[in-house]
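Report on the structure
Each chain is listed here by its residues.
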Amino acid sequence: MTDTAAETQSTASNPNEPSNSKELLHESKLTPVQWLILGLGMLASMIEGFDIVVISYTAPAITQDWGVSSEQMGLVLSSGVLGMTLGAMLLSWMADRYGRRVMVSSTLVIAGVATSAVVLSNNAVELMVLRAVAGLALGVLVASLTPLMGEFSPLRHRILIVSVLVAAASAGAMLGGLFTAAMIETQGWKSVFLYAGLVTVILGIIMQFVVPESIAFTIKRDPANALTKVNRTLKYIGQPEVKQLPAVSERESQESASVVSLFTPSRKAATLLAWTAFFTGFVVVYFISSWMPQVLSNAGLSQEKAIQGTVAIPFGSIFGTMLMGWLTRWIPLNYLVAGGFVLGTACIFTLGSMTHDIAAIPFGLLLFLLFFVGITLMGAFSNLYNVVMTIYPAQIRSTGLGWGAGLGRAGAVISPLLAGVFMGMGVSMPMLFVIFAVPALLAAICVWRTPMREL
């Protein structure tokens with residue numbers, strides 16, 4: 001439906017048409033093909049979540065097999081994170097210039113090939129290079145997949161769908177851990193990389209042939225010739241065709257997908273707030289995920305219970321991420337995310353006060369508290385991706401997401417190192433939790449002040 005027609009004909013009179021004149025998809029209707037596209041996106045997110053942590057799951061077996069030193073293994077573990085950071089920051093613009101679909105499919109294939117090629121590696125240096133290549137591809141994938149799925153989602157459910165997409169990465173990491181344990185036991189650690197890489201390549205090929213380019217990208221990047229392409233996509237996904245497209249300004253169609261575009265006068269403040277929220281969020285999240293098993297073990301829990309307690313956090317993250325996405329129907333997203341960080345801070349303070357005698361606390365109560373950390377803190381952090389999806393327009397959305405998440409990962413690199421330094425200085429565990437609660441509060445303030453409108 002055209003913009004003019006949308007304004008003169010209500011949704012009540014024609015429920016198959018979008019009610020928002022800027023939206024070409026029905027605001028709440030999902031067709032079978034849209035379900036298929038979103039399902040493939042969820043699988044891609046699960047694979048991405050597993051591929052990020054697969055090296056951590058296999059590190060003990062690699063160390064035992066090759067006799068790799070701790071220093072070398074540290075470099076291997078860091079190479080993937082560094083690759084993701086550089087890929088997200090330096091290459092995410094390609095999704096805004098060449099298209100979401102082609103970047104999602106190509107990065108899946110590249111990451112899959114690099115992952116499967118680990119079976120041919122013979123030393124830590126070769127492994128480090130392959131993980132860096134896979135990380136580069138995954139960094140671009142994160143910045144491309146979220147906008148692609150969001151732009152195929154109906155307006156009414158968009159934030160919830162993106163929240164589920166982000167939660168799928170945590171689910172992939174958890175399920176991947178079970179897969180890794182079974183494969184290492186029967187076929188060795190290299191088989192994990194082989195099969196994971198093959199599945200990733202196959203999914204990338206399927207995405208290229210099944211998923212069309214997003215309508216929002218097509219309109220913003222080539223408005224003069226977009227009508228035929230958009231109608232072809234609408235027909236393919238089972239949505240009504242249109243006679244006219246929403247108006248696109250010359251500035252929107254010609255705007256360069258670069259970091260400079262994130263700092264126009266109307267976007268500068270929101271960009272700096274989003275970057276700060278990502279950085280401080282990564283600092284506290286990676287402190288929790290990196291040190292929690294060690295903290296619980298040092299506090300008197302058995303190794304088995306320390307691992308079980310840590311697993312409760314990503315499990316809670318899945319619920320928290322989706323819950324916040326659902327609640328945005330009634331509560332503004334930035335308020336929900338800020339509230340999640342504040343509640344997460346309270347949980348961190350509580351955990352810190354318990355560390356001197358955790359063994360005396362009922363294990364069920366401890367599990368619940370850690371699960372609640374996942375719901376609040378991790379759920380809020382995951383929904384930062386939705387914040388970026390909201391504030392940037394389609395023509396620079398991947399660039400904005402890539403730079404936000406990429407710079408944020410600097411916090412992921414710094415956080416474990418800082419924690420180690422503080423521990424070496426003799427900082428008590430309760431005080432350590434207090435120190436790392438401060439970034440969570442800063443993230444809450446930044447998100448609270450970020451305007452939830454496209455800039």
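Residues numbered from 1 in each chain as written. Predicted model: local features only at pLDDT ≥ 70, side-chain atom pairs only at ≥ 80, totals over all residues. Heavy atoms only, no water.

Observations concerning the packing of helix 5 (residues 100-116) against helix 8 (residues 189-210)
- Two elements in contact, helix 5 and helix 8, have axes separated by 7 Å at closest approach and are oriented at 160 degrees. Here helix 5 lies roughly antiparallel to helix 8, going by the angle between them. When the axes of helix 5 and helix 8 are compared, the crossing they make is left-handed. On helix 8, the residues touching Arg 101, Val 102, Val 104, Ser 105, Leu 108, Val 109, Gly 112, Val 113, Thr 115 and Ser 116 of helix 5 are Phe 193, Leu 194, Ala 196, Gly 197, Leu 198, Thr 200, Val 201, Leu 203, Gly 204, Ile 205, Met 207 and Gln 208.
- Of the residues that constitute the contact of helix 5 with helix 8, the class distribution is 13 nonpolar, 8 polar and 1 charged. (Axes fitted to C-alpha atoms, helices over the stretch in contact; angles between N-to-C directions. Helix = DSSP H or I, 4+ residues; strand = E, 2+ residues; numbered from the N terminus. Parallel < 35°, antiparallel > 145°, perpendicular 65-115°, else oblique. Left-handed = near helix turned anticlockwise from the far one by under 90°. Contact = heavy atoms within 4.5 Å. Nonpolar A, V, L, I, M, F, W, Y, C, P; charged D, E, K, R; others polar.)

Points about the packing of aromatic side chains
- The full count for this structure, using the stated rule, is 19 aromatic pairs.
- When the centroid spacing of 5.2 Å and the interplanar angle of 85 degrees are considered together, the rings of Trp 66 and Trp 189 count as edge-to-face. Of this pair, Trp 66 sits in helix 2 (residues 32-66) while Trp 189 sits in helix 8; the two residues are 123 residues apart in sequence, bridging distant segments of the chain.
- Take Trp 189: its relative accessible area is 6%, and that puts it in the buried class.
- With centroids separated by 6.2 Å and ring planes inclined at 55 degrees, the aromatic side chains of Trp 93 and Tyr 98 adopt a geometry described as tilted. (Phe/Tyr/Trp six-rings, centres within 6.5 Å; stacked < 30°, edge-to-face > 60°. Buried < 20%, exposed > 50% of the residue type's maximum accessible area, 1.4 Å probe, protein only.)

What to know about the nonpolar core
- Of all hydrophobic cores here, the largest spans 101 residues; its most connected members are Met 207 and Phe 341.
- With 15 residues, helix 12 (residues 268-298) is the single largest residue contributor to this core.
- With residues near it in sequence (within four places) discarded, Met 207 still touches Leu 40, Gly 41, Arg 101, Val 104, Ser 105, Leu 108, Leu 145 and Met 149.
- Listed in part, the 18 residues of the second largest apolar core include Phe 50, Ala 59, Ile 62 and Ala 124. (Core = buried A, V, L, I, M, F, W, Y, C linked by side-chain atoms within 4.5 Å.)

Quick word on helix 7 (residues 158-187)
- Its 30 residues place the ends of helix 7 41 Å apart at the C-alpha level, agreeing with the 44 Å of an ideal helix rising 1.5 Å per residue.
- One or two positions beyond helix 7, positive phi appears at Gly 188, with a value near 90 degrees. (Expected span 1.5 Å × (residues − 1).)

What to know about the pattern of salt bridges
- Following the criterion strictly, the structure yields 4 salt bridges and no others.
- Of the charged contacts, one joins Arg 131 and Asp 51 as a salt bridge, the two residues approaching to 2.9 Å between their closest N and O atoms. Linking Arg 131 in helix 6 (residues 124-151) with Asp 51 in helix 2, this pair joins segments that are 80 residues apart in sequence.
- We classify Arg 131 as buried; its relative accessible area is 4%.
- Taking relative accessible area as the criterion, Asp 51 reaches 3% and is therefore assigned buried.
- In this structure, the salt-bridge partner of Arg 100 is Glu 151, at a minimum N-O distance of 2.9 Å. (Salt bridge = Lys/Arg side-chain N within 4 Å of Asp/Glu carboxyl O.)

Things to note about a nonpolar patch on the surface
- Together, Leu 323, Trp 326, Trp 330, Ile 331, Tyr 335 and Trp 448 make up an exposed nonpolar region whose accessible area comes to about 660 Å².
- Within the secondary structure, Leu 323 is located in helix 13 (residues 303-327).
- Note on Leu 323: relative accessible area 39%, which makes it partly exposed. (Patch = residues over 30% accessible without salt bridge, like charges linked within 9 Å, V, L, I, M, F, W, Y side chains within 5 Å. Areas by Shrake-Rupley, 256 points an atom, 1.4 Å probe, with all protein chains shown as cover.)

Honestly, that's just the spatial picture; any functional story needs more than this.
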